[in-house]
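Architecture at a glance
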Amino acid sequence: MMLSVQDLRVSFAREYGDPVEVIHGISVDLEKGETLGIVGESGSGKSVLSLATMGLLPRTARASGKILLDGEDILTMSERQLCRVRGRKIGMIFQEPMTALNPSMRVGAQIAEGLRLNRALSRRDARAEALRLLEMVQIPRAAERIDSFPHEMSGGQRQRVGIAIALALEPELLIADEPTTALDVTVQAEVLGILDELVSELGISLVLISHDLGVIARIADRTLVMYRGDEMEQGETEQVLRRPSHEYTRKLISALPGRVRASLEMSDG
Ligand SMILES: Nc1ncnc2c1ncn2[C@@H]1O[C@H](COP(=O)(O)OP(=O)(O)OP(=O)(O)O)[C@@H](O)[C@H]1O
Ligand SMILES: [Mg+2]
């Protein structure tokens, strides 16, 4: 099992009053090479769950339960162990690509820097590898774009660079929290397509978080539906979408654009 979250609870300390629990006992498993979609409206705890999985909860948070990555519990790791895990075992893709990018550094140099630090590549090899990664995420004219600054690129290109950075250290698990929400609809579909293609090609497990069930329906093998820190249901995406057992999931489905709903029904063999 790549990832096994077991009865995870997360609460935040408050200045006055008792801590507030925002995740109330979530359990979910993810196999190697599988894509898990996590869907739920704003405030349902999707980002807290992903931060917990990366060992990035703020200091005010308390977590209980287990988050086993390849059998090792993230929740009991030291900061040092966590640093080794992040990047090498877990790659992260953020909603706003600039979160992961340095605005004052050329994109190729940024990718190469991580490679030189973590994989001890020479300057030349790191640049060649950065170019290969930019081509892999389908940056057009990558050999020229490698020397661009982030602000010289479009949002979609920046997020492709974000994906390249997340993949640079060959992680086994990618966590993408609303990776396409900041992009135009057509660009969203392109970036999602690239992500989907790459994870299946490389055999990486993916946790894809979105409030948009249409996005999840497109690429997740399994889906977890969350609402206010609780699991509503989980299972194979097709099952969840065709035979939702929970009223909340039915509401999410009926809120999908008709075109997306039709494509779900059409594929009903
Ligand atoms: N640092 C924090 N301190 C206190 N409460 C927090 C903190 N971060 C998140 N929360 C609370 O935890 C709950 C879950 O938030 P979370 O950000 O995980 O929601 P989400 O599902 O990612 O929503 P969105 O779709 O808007 O991104 C919310 O009630 C939020 O207010
Ligand atoms: Mg969020």
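Just so you know, these numbers come straight off a predicted model, no measurement behind them. (Residues numbered from 1 in each chain as written. Chains lettered and ligands numbered in written order. Predicted model: local features only at pLDDT ≥ 70, side-chain atom pairs only at ≥ 80, totals over all residues. Heavy atoms only, no water.)

**Some thoughts on the site of ligand 1**
How we decide: What makes a residue near a molecule or strand is one non-hydrogen atom of that residue sitting within 4 Å of it. Distance and chemistry together define a polar contact, namely a pair of N or O atoms within 3.5 Å, with one atom able to donate a hydrogen and the other to accept it when in protein, and with adjacent residues in sequence counting only for side-chain atoms on both sides. When residues are grouped by polarity, Ala, Val, Leu, Ile, Met, Phe, Trp, Tyr, Cys and Pro land in nonpolar, Asp, Glu, Lys and Arg in charged, and all others, Gly among them, in polar.
The environment of ligand 1 is made up of Phe12, Val22, Glu41, Ser42, Gly43, Ser44, Gly45, Lys46, Ser47, Val48, Pro58 and Glu178. Gly43 has a polar backbone atom sitting 2.8 Å from an oxygen atom of ligand 1. Taken together, the residues of the shell around ligand 1 break down into four nonpolar, five polar and three charged.

**Observations concerning empty space enclosed by the protein**
Worth spelling out the cut-off: Computed over the protein atoms alone on a 1 Å grid, cavities are sets of points where a 1.4 Å probe fits but cannot get out and pockets are open sets with protein on both sides within 12 Å along at least five of seven lines; a residue lines them when it has an atom within 4 Å of a point. Grid points are joined across faces, edges and corners, and a volume is the space filled by probe spheres set on the points. Secondary structure elements follow DSSP: runs of H or I of four or more residues count as helices, runs of E of two or more count as strands, with numbering from the N terminus.
Going through the model one piece at a time under the given rule, you end up with one cavity of 30 Å³ or more. Lining the largest cavity are Leu3, Val5, Val28, Leu36, Ile38, Leu49, Ser50, Thr53, Ile175 and Val207. Elements with a minimum of two residues in the lining of the largest cavity: strand E1 (3-12), strand E3 (35-39) and helix H1 (46-53). The leading source of residues in the lining of the largest cavity is H1, at three residues. Tallied by class, the residues present in the lining of the largest cavity amount to eight nonpolar, two polar and no charged.

**A word on the packing of helix H6 (residues 155-167) against helix H7 (residues 185-202)**
Spelled out, the test is: Convention adopted: a line fitted to C-alpha atoms gives each axis, helices being fitted over their contacting stretch, and angles between N-to-C directions are expressed from 0 to 180 degrees. Each angle receives one of four descriptions, namely roughly parallel if under 35 degrees, roughly antiparallel if over 145, roughly perpendicular if within 65 to 115, and oblique otherwise. Crossing handedness: left-handed means the near helix sits turned counterclockwise from the far one by under a right angle, and right-handed means the same turn made clockwise. The contact rule is simple, with two residues in contact once any of their heavy atoms fall within 4.5 Å.
Where H6 contacts H7, the two axes come as close as 10 Å, and the packing angle between them is 20°. When the interaxial angle is binned, H6 and H7 end up roughly parallel. Note on packing geometry: the crossing formed by H6 with H7 is right-handed. Where H6 abuts H7, its residues Gly156, Gln159, Arg160, Ile163 and Leu167 lie against Val187, Glu190, Val191, Ile194, Leu195, Leu198 and Leu202.

**Re the UniProt feature "domain: ABC transporter" (unreviewed entry) in the protein**
Condition: UniProt positions are given in the numbering used here, feature names are shortened, and annotations may be inferred rather than shown by experiment.
UniProt tags residues 3-253 as "domain: ABC transporter" (unreviewed entry). Regarding residues 3-253, the helix share stands at 40% and the strand share at 26%, and the terminal C-alpha atoms are separated by 27 Å.

**Brief notes about the sheet that holds strand E6 (residues 90-93)**
Applicable threshold: At least two DSSP bridges between two strands are required for those strands to pair.
An order of E6-E7-E8-E3-E9-E10 is seen for the six strands of this open sheet, with the pairing classed as mixed. Where the open sheet ends on each side, the last strands, each with one partner, are E6 and strand E10 (230-236). Pairs of neighbouring strands in the sheet enclose a mean axial angle of 15°, with direction left out of account. Of the strand pairs in this sheet, E6 and strand E7 (residues 173-177) are connected by four bridges, and their pairing is parallel. Opposite Ile90, over in E7, you have Leu173 as the bridge partner. Contacts from H7 reach E3, E6, E7 and strand E8 (205-210), with the element oriented near 165° to E7.

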